[in-house]
Amino acid sequence: MSSTSSIENATSSFEWLEGALIVIKENLAIFSASEYSKVADLVKKYVECNQKKPEDFFNCLNNKSSKRSIDYILLGFSLEHGIGTIPNLKRAFLEFRKAANADNSFGQFFLGRCYYNGIGTKQDREKAFELYLKAAEAGDSDAEYSLAVCYDNGEGTMKNSEKAFELYSKAAEAGHTMAQLNLALCYLYGRGTTKNSEKAFQLYSKAAEAGHTTAQFNLALCHANGKGTTKNSEKAFQLYSKATEAGHTLAQYNLAVCYDNGEGTTKNSEKAFQLYLKAAEAGHTTAQYNLANCYLNGEGTTKNSEKAFERFSKAAEAGHTKAQLNLAACYLNGEGTKKNSEKAFQLYSKAAKAGNTTAQYNLALFYRNGWGIRKNLEKAFELFSKAAGAGDLNAQFNLAACYQNGEGTTKNSEKAFELYSKAAKAGDLKAQLNLAACYANGEGTTKNSEKVFELYSKAAKAGDLNAQFNLALCYVNGIGTTKNLAKAFELFSKAAEAGHTIAQYNLAVCYASGRGTTKNSEKAFELYSKAAEAGHTLAQHDLALCYLDGEGTTKNSEKAFELFSKAAEAGHKTAQFNLAAFYANGEGTTKNLEKAFELFSKAAGAGDVNAQYYLANCYANGEGTTKNLEKAFKLYSKAAEAGHTLALHDLALCYLYGRGTTKNEKKAFEMDGKLRKI
């Protein structure tokens, strides 16, 4: 901020120079050390107000035959900041020293500054402290403030928070704005004094009223967080706005957050985006990160993955961990850039090294799956352990899986159970499901059906589809609860509506059989269709049966053939048998005995008894293959052993007529006796 009262016309040469010194003195108290160039700008403005050029100002000082202390100070200041001349730090130091040697407290302060910052001389904080002390003892408020900073940070002297507080108080009383701000911090954090948020709030208010931008920002923080005052988002918003107008970067960022979240104002994504952009351009790292998210999600601006990638890159370079994670995800998914697993791995490694739990978890996934790096289950286990120890639920779940499956460590069901329990307790739904499975199978714990039911109930209530499905099965089979088909039907319905394929299939079965609901072939057909489309093999098979028998739809052999084919390809043995029958009879397709033989063989090999019987017929009659009575006999025997009636009948005939075996009437009659009993 500027001190406008000092920028007035001077009537004489003496007043002109005195006025310039007042401008410096008044404004040094307002600006932080990093902003002293602004004080130089105000001096230039003052000179121009007096219808002079900066060169005239410098020459007037430089050419004076008899110089006073203030002349040396002004000359030193001009040489330091290049007012009317080329900057010359060495000479500036010498001019300040002349003023200090003349026992001028302001000159001592400026010389102290030179030693403190290494301006025109070698940096020497001890020397700076001595000079600040001299000037402060003479009552110079700038020196009091600077001396307090030395005590506060332990620079040039031993750290002494109490001394710092005392000196900040002294300078603040004299109206030194920067001292007021630092004094407020002392009260806020209890540095050198008792914590007193109310006092801090008062000091920020004082400086903010005087138009100090940083004070306005800090006062906004007090209102936002209820520090020293009642929480007031609207007040915070107003003060952030004021400080933003003055170009305060942190205020720009915080104002953007207000618009982003609708805090103290109406939510406005466009406004938030503009402010994030401003703050990001000024180098604010988190603003860069938030700006990237705006581009990524199309919030307040058009969606732009390339722009998002660019901003994540900038924030990541500045060490922003979340940006590193998001940038890694960009490389991993090829968002805004080309897919690059190696780059993603490097970024996760960087963030993981810095102790970021999410990065450790993701890096573990890389090692486990061999993404952009050689697969290393031991390394994955190590990283899951680290992240799990820091409380990451996903890591706890995966670490449990490592122990359960013996991946990267020795198999340990008890450890797995313990970790699933921990993550489940913290609300991890996947962990609740796996913990339920542990109780169901007695893995790492004693079998406990009631616990199984309890855990599925918990996860189902939280909306987990798999839990809803498994809970339905508990009601179907009476696991940990009383059998309740109506309840099972209700849960299958819930999960099916949300797109759970297996639930859709089971719900179809409920409608087809009237289990827990009224029998409804049309509904069953509709649900089989949905699940079949999603690739569910059993649904494909049962849907084929619907088309075959005209259940819930019009009979359609071609459709049935098509669906049996799909299920058969997926290894469904009954589908393979039915498809073979279609080829054998030319139903829904052209008759093809060779194809029928091939499919009967597949299904028979998978243990389908009907297929074994029909395959025996193929060998007995030479259908789709060479006639082979011995093979036929063996297959009839196998199917008969499994209780297949027709196979038992044909096996009796084999013994009676000696087909594929030695004639044995006794055996034949024995088989016949068995048949009569059926």
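Residues numbered from 1 in each chain as written. Predicted model: local features only at pLDDT ≥ 70, side-chain atom pairs only at ≥ 80, totals over all residues. Heavy atoms only, no water.

S.K.: Hey, could you run me through the overall build of the protein chain in this one?
M.R.: What the protein chain contains, in helices and strands, is 37 helices and zero strands. In terms of overall dimensions, the protein chain is more spread out than a globule: its C-alpha atoms have a radius of gyration of 43 Å, far above the 26 Å expected for 678 residues. Its C-alpha atoms give the protein chain principal-axis dimensions of about 145 × 50 × 45 Å. Across the 678 residues of the protein chain, 48% fall into the buried class. Residue pairs in contact within the protein chain that sit at least 24 positions apart in sequence constitute 41% of those at least 6 positions apart. Counting only carbon and sulfur atoms, one obtains 46% of the accessible surface of the protein chain, whose full area is about 32800 Å². (Helix = DSSP H or I, 4+ residues; strand = E, 2+ residues; numbered from the N terminus. Rg over C-alpha atoms; globule rule 2.2 N^0.38 Å. Buried < 20%, exposed > 50% of the residue type's maximum accessible area, 1.4 Å probe, protein only. Contact = heavy atoms within 4.5 Å. Areas by Shrake-Rupley, 256 points an atom, 1.4 Å probe, with all protein chains shown as cover.)

S.K.: Please clarify how the environment of Lys122 should be interpreted in this entry.
M.R.: With respect to the secondary-structure elements, Lys122 resides in the loop between helix H6 (105–117) and helix H7 (125–137). According to the relative accessible area criterion, Lys122 is exposed, its value standing at 70%.

S.K.: Would you mind going over the packing of aromatic side chains with me for this structure?
M.R.: Tallying each qualifying case throughout the model produces 39 aromatic pairs. Look at Tyr361 and Phe384: their rings are 5.9 Å apart centre to centre, the planes differ by 45°, and that puts the pair in the tilted class. With a gap of 23 residues between them, Tyr361 in helix H20 (residues 357–369) and Phe384 in helix H21 (residues 377–389) connect regions that are remote in the sequence. For the residue pair Tyr361 and Phe384, the accessibility class agrees, reading buried in each case. Both rings, one in Tyr613 and one in Tyr614, keep their centres 5.2 Å apart while their planes meet at 80°; by these two values the pair is edge-to-face. The class for Tyr613 is buried, based on a relative accessible area of 7%. Connected via pairs of aromatic rings, a cluster forms that spans Phe77, Phe96, Phe106, Phe109, Phe110, Tyr116 and Tyr132. Positioned above the aromatic ring of Tyr116 is the side chain of Arg125, whose terminal nitrogen or guanidinium carbon lies 3.9 Å from the ring centre. (Phe/Tyr/Trp six-rings, centres within 6.5 Å; stacked < 30°, edge-to-face > 60°. Lys NZ or Arg CZ within 6 Å of the ring centre and 35° of its normal.)

S.K.: Got a minute to help me understand the packing of H21 against helix H22 (residues 393–405) in this structure?
M.R.: Angle between the axes and distance between the axes: these two values describe a pair of packed helices. Here H21 crosses H22 at 140°, and the two axes come no closer than 8 Å. Considering the angle they form, H21 stands oblique to H22. The hand of the H21/H22 crossing is left-handed. Counting all contacts with H21, which are made through Phe381, Phe384, Ser385, Ala387 and Ala388, the residues of H22 involved are Ala395, Gln396, Asn398, Leu399, Cys402 and Tyr403. For the contact of H21 with H22, the residue count by class is eight nonpolar, three polar and no charged. (Axes fitted to C-alpha atoms, helices over the stretch in contact; angles between N-to-C directions. Parallel < 35°, antiparallel > 145°, perpendicular 65-115°, else oblique. Left-handed = near helix turned anticlockwise from the far one by under 90°. Nonpolar A, V, L, I, M, F, W, Y, C, P; charged D, E, K, R; others polar.)

S.K.: I'm lost on helix H11 (residues 197–209) in this one. Help?
M.R.: Here H11 contains 13 residues, and its C-alpha end-to-end distance of 18 Å stays within 8% of the 18 Å for a straight helix at 1.5 Å per residue. For H11, every residue scored as buried is listed here: Ala200, Phe201, Leu203, Tyr204, Ser205, Ala207 and Ala208. As for H11, its buried residues are in contact with helix H10 (177–189) and helix H12 (213–225). Regarding H11, its N-cap is Asn196, as a side-chain oxygen of that residue lies 3.3 Å from the backbone nitrogen of Glu198 further along. Once H11 finishes, Gly211 follows within two positions and takes phi at roughly 90°, a positive value. (Expected span 1.5 Å × (residues − 1). Polar contact = N/O pair within 3.5 Å; in protein donor to acceptor, adjacent residues only side chain to side chain.)

S.K.: Where do I start with the packing of helix H35 (residues 629–641) against helix H36 (residues 645–657) in this structure?
M.R.: Contact pair H35 / H36: the axes reach a minimum separation of 8 Å and the direction vectors enclose 140°. The angle between the axes of H35 and H36 places the two elements in the oblique class. With respect to the hand of their crossing, H35 and H36 are arranged in left-handed fashion. Here Phe633, Tyr636, Ser637, Ala639 and Ala640 of H35 lie close against H36, whose contacting residues are Ala647, Leu648, Asp650, Leu651, Cys654 and Tyr655. Of the residues in the contact of H35 with H36, the class split is nine nonpolar, one polar and one charged.

S.K.: Looking at this structure, how should I read the pattern of salt bridges?
M.R.: Where charged atoms of side chains with opposite charge meet at close range, the side chains can pair. Tallied over the full model, the rule gives 14 salt bridges. For the salt bridge of Glu281 with Arg311, the shortest nitrogen-to-oxygen distance reads 2.8 Å. Note that Glu281 is positioned in helix H15 (residues 269–281) and Arg311 in helix H17 (residues 305–317), a separation of 30 residues in sequence. With relative accessibility at 55%, the residue Glu281 sits in the exposed group. Linking Lys415 and Glu418 is a salt bridge whose minimum nitrogen-to-oxygen distance equals 4.0 Å. Linking Lys415 with Glu418, this pair stays in helix H23 (residues 413–425), spanning three residues, or about one helical turn. Through salt bridges with shared partners, a single network forms among Lys64, Arg68 and Asp71. (Salt bridge = Lys/Arg side-chain N within 4 Å of Asp/Glu carboxyl O.)

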